[in-house]
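Residue-level listing of the chains:
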Amino acid sequence: MSAKNRDNKNRWRNITVGFRVSPEENELINRAVALSGLPKQEYCYRRCLNQDVVVQGNPRVYKALKTEFATVLVELKRIEAGKGVDDELLSVIELISIILGGLKGEDANGE
């Protein structure tokens, strides 16, 4: 039998919550989870409960940022070739800038 899952307040987590998403939404969620450095469960319930997701710099977060920057660069090269900017790319760029600003200790206004 598996160990009981308890949170940091020693509450037993025994209820499962699930929902359906499109493949595009799944990709965006997975990107946000990777950039947060949190486990997917932790990230999802913090977002569902409207709690802050504070990113702590660690090798996993930096690797995710590097991967996302590479993806953004490919998309920017595609745009330069005459294609349009899609909303998903803009949301990923915004998320990356918020995370990097937080890691540098800046507020939401970049100060």
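In the block above lies the structure referred to throughout.
Each chain has its residues counted from 1, following the order in which its sequence is written. Residues qualify for local features only when their pLDDT is at least 70, as the model is predicted, and side-chain atom pairs are given and counted only at 80 or more; totals for whole chains, interfaces and linings, by contrast, use all residues. To get the side-chain values, all heavy atoms of the structure are used, and hydrogens and water are removed first.

1. Considering the overall build of the protein chain
A tally of regular secondary structure across the protein chain gives 4 helices and 0 strands. Helix and strand definitions follow DSSP, with helices as H or I runs of at least four residues and strands as E runs of at least two, each counted in order from the N terminus. Each helix and strand of the protein chain, placed in order from N terminus to C terminus, yields the pattern α-α-α-α. Sequence separation of at least 24 residues holds for 48% of the intrachain contacts in the protein chain that already meet a minimum separation of 6. Contacts are residue-level and defined by heavy atoms, with any inter-residue pair within 4.5 Å sufficient.

2. Things to note about unusual backbone geometry
The phi dihedral of N50 falls on the positive side, at around 60°, and the residue is not glycine. Looking at the element boundaries, N50 is found in the loop between α2 (40–48) and α3 (59–80).

3. Focus: the side chain of E42
By secondary structure assignment, the location of E42 is in helix α2. Burial classes follow relative accessibility: with a 1.4 Å probe on protein chains only, a residue under 20% of its type's maximum area counts as buried, one over 50% as exposed, and anything between as partly exposed. In this structure E42 comes out as buried when scored by relative accessible area, which is 18%. A distance of 2.8 Å separates a polar atom in the side chain of E42 from a polar atom in the side chain of R46. In the analysis that follows, any N or O atom pair within 3.5 Å is treated as a polar contact, provided that within protein one partner can donate a hydrogen and the other can accept it, and provided that, for residues neighboring in sequence, both atoms belong to side chains.

4. Some details on the pattern of salt bridges
Each reported salt bridge corresponds to a side-chain nitrogen of Lys or Arg within 4 Å of a carboxyl oxygen of Asp or Glu. Following the criterion strictly, the structure yields 3 salt bridges and no others. The salt bridge partner of R31 is E27, with a shortest N-O separation of 3.4 Å. Taken together, the positions of R31 and E27, both in helix α1 (residues 23–36) and 4 residues apart, correspond to about one turn of that helix. In this structure, the salt-bridge partner of R46 is E42, at a minimum N-O distance of 2.8 Å. Of this pair, R46 and E42 are both found in helix α2, 4 residues apart, which corresponds to roughly one turn of the helix. Judged by its relative accessible area of 21%, R46 is partly exposed.

5. Quick look at the packing of α1 against α3
For helices, the fitted axis covers only the stretch in contact; all axes are lines through C-alpha atoms, and the angles between them, taken along N-to-C directions, range from 0 to 180 degrees. The N-to-C vectors of α1 and α3 enclose an angle of 135°; their axes lie 7 Å apart at closest approach. Taken together, the axes of α1 and α3 are oblique relative to one another. Residue-level inspection shows R31, A34, L35 and S36 of α1 in contact with α3, the latter providing V61, A64, L65, E68 and T71. Amino acids outside the nonpolar list (Ala, Val, Leu, Ile, Met, Phe, Trp, Tyr, Cys, Pro) and the charged list (Asp, Glu, Lys, Arg) are all regarded as polar, and Gly is one of them. Considering only residue class, the contact of α1 with α3 consists of 5 nonpolar, 2 polar and 2 charged. To sort the angles, those under 35 degrees are grouped as roughly parallel, those over 145 as roughly antiparallel, those from 65 to 115 as roughly perpendicular, and the leftovers as oblique.

6. Some points on the environment of V72
If you trace the backbone, V72 turns up in helix α3. On the accessibility criterion, V72 (8% relative accessible area) is buried. Considering only alpha carbons, one finds V72 and V92, 20 residues apart in sequence, at a separation of 8.1 Å. Setting aside chain neighbours within four positions, we find V72 in contact with L89, V92, I93 and I96.

What is shown is where atoms sit, not what they do.
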